[in-house]
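Commentary on secondary and tertiary structure
So the chains spell out like this:
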Amino acid sequence: MGTSIMSQNSTVLTSWKDIARYMGKGVRTVQRWEMDFGLPVRRPQGSNKKAVLARPRDLDAWVALRCASRGTRHQEKGAVSQPQLSGVMALHAQIETARQLQQYNRLLTEEVKSQLTALREQMVQLKKRD
């Protein structure tokens, strides 16, 4: 029933099934990840709790952040013979994660600005009616 839709150069996943398929996991697993680990899933305004939306780039950034953190911990444990190399690798992973999060933050800021503009326009229209 859920489908992926295109919106301004990005795909939006519109069901738990689509999200699970994209992540390569089961529906219950991604639902648990949302509850326990903050998987970035959105719910449309005014809809029931079952309706969900997710952007692949948001999911990718979430995975990169979680995997970079785990990778850093594993590298630190096993980096006895090459501490500098593992430090550089960990730093590189953290920089890449920071870049992805910065881009994600910019996109969210743009979305918030767009939504505020639309809300202002609605308010103006409502005032004109009165």
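See the structure shown above.
Residues numbered from 1 in each chain as written. Predicted model: local features only at pLDDT ≥ 70, side-chain atom pairs only at ≥ 80, totals over all residues. Heavy atoms only, no water.

**Re the overall build of the protein chain**
Within the protein chain, the secondary structure is distributed over four helices and two strands. For the protein chain, the N- to C-terminal ordering of α and β elements is β-β-α-α-α-α. Expressed as a percentage of contacts within the protein chain between residues at least 6 apart in sequence, the contacts between residues at least 24 apart total 44%. Carbon and sulfur atoms make up 54% of the accessible area of the protein chain, which totals about 10000 Å². (Helix = DSSP H or I, 4+ residues; strand = E, 2+ residues; numbered from the N terminus. Contact = heavy atoms within 4.5 Å. Areas by Shrake-Rupley, 256 points an atom, 1.4 Å probe, with all protein chains shown as cover.)

**Thoughts on the nonpolar core**
One finds Ile19, Met23, Val30, Leu39 and Leu59 to be the most contacted residues of the largest nonpolar core, which totals 13 residues. For this core, the elements supplying multiple residues, two or more each, are helix H1 (16-23), helix H2 (27-37) and helix H3 (56-77). In terms of residue count, the dominant contributor to this core is H1 (four residues). If we ignore the near neighbours within four places in the chain, the residues touching Leu59 are Leu13, Ile19, Tyr22, Met23, Leu39, Pro40 and Ala54. (Core = buried A, V, L, I, M, F, W, Y, C linked by side-chain atoms within 4.5 Å. Buried < 20%, exposed > 50% of the residue type's maximum accessible area, 1.4 Å probe, protein only.)

**Digging into H1**
Those residues of H1 not exposed but buried are Trp16, Asp18, Ile19, Ala20 and Met23. Phi for Gly24, located one or two positions after H1, is positive at around 75 degrees.

What is shown is where atoms sit, not what they do.
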